[in-house]
Structure formats: C-alpha cells, structure tokens
Amino acid sequence: MATKNLRARDIMTAGVQCCGEHQTLLDAARMMRDLDVGCLPICGDDQRLQGLITDRDIVVKCCAEGLDPATMKCGELAGTLHWVSAEANAQEAVDTMEVHQIKRLPVIDVSNGHRLIGMITEANVAKNLSDAEIAAFVSRVYVAH
C-alpha cells in the first residue's frame, strides 16, 4: 500500500475554511462558490467540527423541499460525522472513507485542541495510491452495497 508510511496529515489538503453552524445555507452556498468547493465543514461556536455540508445537501434537503436557504442554518444539516486523527496512518483514513462510502474526510489534530486542520478528498487519495488501489477505492466508495 502506497500509504503505508504516511499519516493522514501527510495526504490532506490544509487550510480548510468552515461555515458556522448558525450561518445560513445561502452563506454556505456563497462560500462554496467563492472557494470553488462542493463541501464545507460546519464548525460550532467553540470552533469544533460539527459536521459537513455539501452543495448537494443544500439542493436536495433545502431547495428541493421548498425551504428557504436564506433562513435555514448549516447546523440543521450537520448529519453523521466521520473524521480521522492527523496522526493516524493514511491507510486508516482510506479505510474510513471506504467503509462509510464518503468522498471527503476531515482531519483533526487531536493533540492540539481537537481542531480541524484539513480535509482528505478523493484527489488526495488518488495522489497516494497505485492505479490498482485507486480502482479498489472507487469500487468500494461508489458502489452501493
């Protein structure tokens, strides 16, 4: 496995920006547009990770339901949260993404105040796996069980 000697912090994208749990979905959508991303971490008032919100969440769980993104709060869509410690082996991060069929995984610096420090995405995984490992990852993340 190409990730054998790497930690989660070695393969993540750093500098992730959060939307606040009390910010509106309209605010989150504008942040996504401005940052050119499809997903944002949701942070609470304590600056700790509360969940993730995707552009698809906004469309499916708000707009398609006839709700107003200018009044609905990000925290309302936080959902189940999966994350990995910055010091965890990178393979643990890949395994977590495969098991839970997720495309983005927050990285938390547990030893330094339990703060969000980055995100592991499909692109990060692809840069660190062999072609065969990428194919296996894709089949496990994208194929419904």
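Note that this is a predicted model, so its numbers are computed, not measured.

Participant: So what about the overall build of the protein? Which residues, and what values?
Facilitator: Tallying secondary structure elements over the protein gives 6 helices and 7 strands in all. For the protein, the N- to C-terminal ordering of α and β elements is α-β-β-α-β-β-α-β-α-β-β-α-α. Against the compact-globule benchmark of 15 Å for 145 residues, the protein has a radius of gyration of 16 Å, which places it among compact chains. C-alpha extents for the protein along the principal axes are approximately 45 × 35 × 25 Å. The buried share of the protein, taken over its 145 residues, is 39%. For the protein, the exposed area adds up to about 7800 Å²; of that, 50% sits on carbon and sulfur atoms. Across the protein, the mean location of the 14 positive side-chain charges is 2 Å away from that of the 20 negative side-chain charges.

Participant: Any details on the nonpolar core? Residues and values, ideally.
Facilitator: By size, the foremost hydrophobic cluster in this structure holds 18 residues, and its most contacted members are Val84, Met97, Leu105, Val107, Ile120, Val125 and Phe137. With 4 residues, the top contributor of residues to this core is helix H4 (residues 90–100). Leave out the neighbours within four places in its chain, and Met97 touches Ile102, Lys103, Arg104, Leu105, Ile120, Thr121, Glu122, Val125, Phe137 and Val141.

Participant: Which residues make up the state of the cysteines, and what values do they have?
Facilitator: Under the criterion given, the structure shown has 1 disulfide. The disulfide bridge from Cys18 ends at Cys43, spanning 2.2 Å between sulfur atoms. Of this pair, Cys18 sits in the loop between strand S1 (13–14) and strand S2 (19–20) while Cys43 sits in strand S3 (residues 39–43); the two residues are 25 residues apart in sequence, bridging distant segments of the chain. Unpaired in this structure, Cys19 has its nearest cysteine sulfur neighbour in Cys74, at a distance of 3.5 Å.

Participant: Which residues make up the packing of H4 against helix H6 (residues 131–142), and what values go with them?
Facilitator: Packing of H4 against H6 brings their axes to within 7 Å, and their N-to-C directions diverge by 35°. Residues Val94, Met97 and Glu98 of H4 touch H6, and the partners they reach there are Phe137, Arg140 and Val141. Classifying every residue of the contact of H4 with H6 by side-chain character gives 4 nonpolar, no polar and 2 charged.

Participant: Can you lay out the pairing of strand S6 (residues 104–109) for me, pointing to particular residues and giving the numbers?
Facilitator: Counting buried positions along S6 yields 5 of 6 residues, so the element is predominantly enclosed. Sheet topology note: the strand S5 (residues 84–85)/S6 ladder contains 2 bridges and is parallel. Directly across from Ser85, in S6, lies its bridge partner Ile108. Pairing of S6 with strand S7 (residues 115–121) involves 6 bridges; the strand directions are antiparallel. Bridge pairing links Val107 to Gly118 in S7.

Participant: I'd like a description of the sheet that holds S1, backed by residues and values.
Facilitator: Spatial strand order, S1-S7-S6-S5: 4 strands in an open sheet with mixed pairing. At either end of the open sheet lies a strand with only one pairing partner, and these are S1 and S5. Sheet strands in contact with H4 are S5, S6 and S7, and its direction is about 140° off that of S6.

The rules we used
Residues numbered from 1 in each chain as written. Predicted model: local features only at pLDDT ≥ 70, side-chain atom pairs only at ≥ 80, totals over all residues. Heavy atoms only, no water. Helix = DSSP H or I, 4+ residues; strand = E, 2+ residues; numbered from the N terminus. Rg over C-alpha atoms; globule rule 2.2 N^0.38 Å. Buried < 20%, exposed > 50% of the residue type's maximum accessible area, 1.4 Å probe, protein only. Areas by Shrake-Rupley, 256 points an atom, 1.4 Å probe, with all protein chains shown as cover. Lys, Arg positive; Asp, Glu negative; His and termini not counted. Charge placed at Lys NZ, Arg CZ, Asp CG, Glu CD. Core = buried A, V, L, I, M, F, W, Y, C linked by side-chain atoms within 4.5 Å. Contact = heavy atoms within 4.5 Å. Disulfide = S-S within 2.5 Å. Axes fitted to C-alpha atoms, helices over the stretch in contact; angles between N-to-C directions. Nonpolar A, V, L, I, M, F, W, Y, C, P; charged D, E, K, R; others polar. Pairing = 2+ DSSP bridges.

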